[in-house]
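If you want the building blocks of each chain, they are given just below.
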Amino acid sequence: MNTLLFPVILAGGKGERFWPLSRKDRPKQFLSLDGSSRSLLQATADRLLALGGTWDSLWVITSSQIAEGVRQQLPDLPVENLLIESEGRDTAAAVAWTSLEIKQRYGEDAVIGFFPADHWIADQKAFADALSAATQLAASTAAIVTLGIKPTFPSTGYGYIEQGEKIGSFNELPAYHVNRFTEKPNRETAETFLSTGRFSWNSGMFVFRAGVVLKELHTHAPEIIEPLEEHGSNIYPQLPKKSIDYALMEKTNLAYVLPVDFGWDDLGDWNAIERLLKTEETPNVELATHIGLDTQGAIIYASNPEDVVVTIGLEDVVIVRDRNVTLVVKKERTQEIKQILKILQSDSRFTDLL
């Protein structure tokens, strides 16, 4: 990769849908969910460093609540490359602040990439090739490049990107102008999207030059970029809470998509574990000592190897045992874990469970 890419890891999320394993003192990005010894955050850093950069070029933005944990997980990260949000304001503010900092240090032509800390990627070489193509496009064009994942099923849990006119190829990957972004569709709409062959899943990974994205933020999200430029990060708690998709990507005319295929999963909830680890030979995904009778399609996790989970006659459930909490939920209702957390937050008896 001829042009240096400054990768930024977005590591401020709470990972609430992985509760009770993911908690305030140990959020999802600090967990290893694939059976390896590396956390999601560490695996993301490994993947980005393998692109040819160094720790000096890698950045992380995270929340004040878990900043010390990030330092422990990534001890080689330069202290000046760790941006700490005093209060989480979603991804638009994170992108704006980090882009300002990188522009100040390296100039407006610095190419920046943003990467969530909770993605799983199978083919590292294909990922590197895609990032090389995105960097070439961003360096040569006033473009905000997003990686669009080639869909493998009609997901209702991901956003979609419709590709428009082809504008060329980069590193042998075709690039297209974005026609539109669509939020999570219903099943029928998702099936229609797949049948056209023009839609990709929105990966949430973006590449652009600092000057390009800052100019577009001035046009489409001045309420975020202007206070940051005037007051610096001290204004952070007063910034509007908006995603980069809503604040910028759905409005800009400079959005381009590279449809890519490198084996990808957004580890959003417990069902992602099944997608990663399920085999045809086993009836369940077991990350615990499990004794089961007539149990199938279950995801079973226990953080303490001495705990034993015993099941009889269960199907399509998630069972998680961590410290002083046991969660049992039907797989199709894991999205509702957030509602349980709101109930726990409202009762002082349970604040230590969060």
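Summary of the structure given here. (Residues numbered from 1 in each chain as written. Predicted model: local features only at pLDDT ≥ 70, side-chain atom pairs only at ≥ 80, totals over all residues. Heavy atoms only, no water.)

**Some remarks on a nonpolar patch on the surface**
Rule in force here: Patch construction takes residues with relative accessible area above 30% that form no salt bridge. Like charges are linked within 9 Å, and nonpolar side chains (Val, Leu, Ile, Met, Phe, Trp, Tyr) are linked within 5 Å. We get accessible surface area from the Shrake-Rupley algorithm with a probe of 1.4 Å; when it comes to residues, only the shown protein chains can shield them. Any Lys or Arg side-chain nitrogen located within 4 Å of an Asp or Glu carboxyl oxygen qualifies as a salt bridge. Runs of H or I in DSSP of at least four residues are treated as helices and runs of E of at least two as strands, each being numbered from the N terminus.
Taken together, the side chains of I291, L293, V308, V310 and I312 present a nonpolar region at the surface, about 500 Å² in accessible area. Counting residues per element, the ones that place at least two in the nonpolar patch are strand 13 (289–293) and strand 15 (308–312).

**Some details on the side chain of R47**
Put simply, the rule is: Contacts were defined at the residue level, with two residues in contact if any of their heavy atoms lie within 4.5 Å.
Structurally, R47 can be placed in helix 1 (residues 40–49). In this structure R47 touches H119, I121, Q124 and F127, once residues within four positions along its chain are discounted.

**Points about the packing of helix 6 (residues 210–220) against helix 7 (residues 222–231)**
Applied cut-off: Orientation is described by axes fitted as lines to C-alpha atoms, over the contacting stretch for helices, and by angles from 0 to 180 degrees between their N-to-C directions. Residue polarity is assigned by list, with Asp, Glu, Lys and Arg as charged and Ala, Val, Leu, Ile, Met, Phe, Trp, Tyr, Cys and Pro as nonpolar; anything else, Gly included, falls into the polar class.
Two elements in contact, helix 6 and helix 7, have axes separated by 6 Å at closest approach and are oriented at 120°. The residues of helix 7 that touch helix 6, namely those facing L214, L217, H218, T219 and H220, are P222, E223, I225, E226 and E229. Here the contact of helix 6 with helix 7 is composed, by residue class, of four nonpolar, three polar and three charged.

**Examining the packing of helix 3 (residues 90–106) against helix 7**
The cut-off we apply is this: Oblique is the label for any angle not under 35 degrees, not over 145, and not in the 65 to 115 range, which are roughly parallel, roughly antiparallel and roughly perpendicular in turn. Here a crossing is taken to be left-handed if its near helix is turned anticlockwise relative to the far helix by less than a right angle, and right-handed if that turn runs clockwise.
Orientation of helix 3 relative to helix 7, taken along the N-to-C sense of each, is 40°, at an axis distance of 10 Å. As judged from the angle between their axes, helix 3 and helix 7 are oblique. The two elements helix 3 and helix 7 cross, and the hand of that crossing is right-handed. Contact residues: A92, A93, A96, W97 and L100 in helix 3; I224, I225, L228 and E229 in helix 7. Broken down by class, the residue content of the contact of helix 3 with helix 7 amounts to eight nonpolar, no polar and one charged.

**Points about helix 10 (residues 337–345)**
The criterion, for reference: To sort residues, take the accessible area from a 1.4 Å probe on protein chains only and compare it with the maximum for the residue type: under 20% means buried, over 50% means exposed, and anything in between is partly exposed. The directions considered for the arc are those from the helix axis to the C-beta atoms.
Within helix 10, burial applies to I337, L341 and L344. Taken down its axis, helix 10 places every buried residue within 60° of arc, on the same side. Seen from the buried face of helix 10, the exposed residues on the opposite side, beyond 90 degrees, are Q339, K342 and I343. Buried-residue contacts for helix 10 involve strand 17 (325–330).

**Describing the environment of A43**
Position of A43 relative to the elements: it lies in helix 1. A C-alpha to C-alpha distance of 26 Å links A43 and K338, two positions 295 residues apart in sequence.

**Regarding the environment of Q73**
With respect to the helices and strands, the residue Q73 is situated in helix 2 (residues 67–73). Note on Q73: relative accessible area 17%, which makes it buried. Put simply, Q73 and S203 are 130 residues apart on the chain and 24 Å apart in space, counted from C-alpha to C-alpha. Those residues in contact with Q73 that lie beyond four places of it in its chain are Q29, F30, S39, L41 and Q42.

**A look at the pattern of salt bridges**
If you walk through the whole model with that rule in mind, you get 20 salt bridges. With its nearest N and O atoms 3.5 Å apart, the salt bridge here joins K331 to D316. With K331 in the loop between strand 17 and helix 10 and D316 in the loop between strand 15 and strand 16 (317–322), this pair connects stretches of sequence that are 15 residues apart.

**A word on the pairing of strand 7 (residues 160–170)**
Keep this limit in mind: Paired strands, in this sense, are two strands between which DSSP finds at least two bridges.
Across three bridges, strand 7 lies against strand 9 (residues 199–209) in antiparallel orientation. When the bridges of strand 9 are listed, Y160 appears paired with W201. Following strand 7, the chain reverses through two residues before pairing antiparallel with strand 8 (residues 173–182); N171 in that reversal takes a positive phi of roughly 55°.

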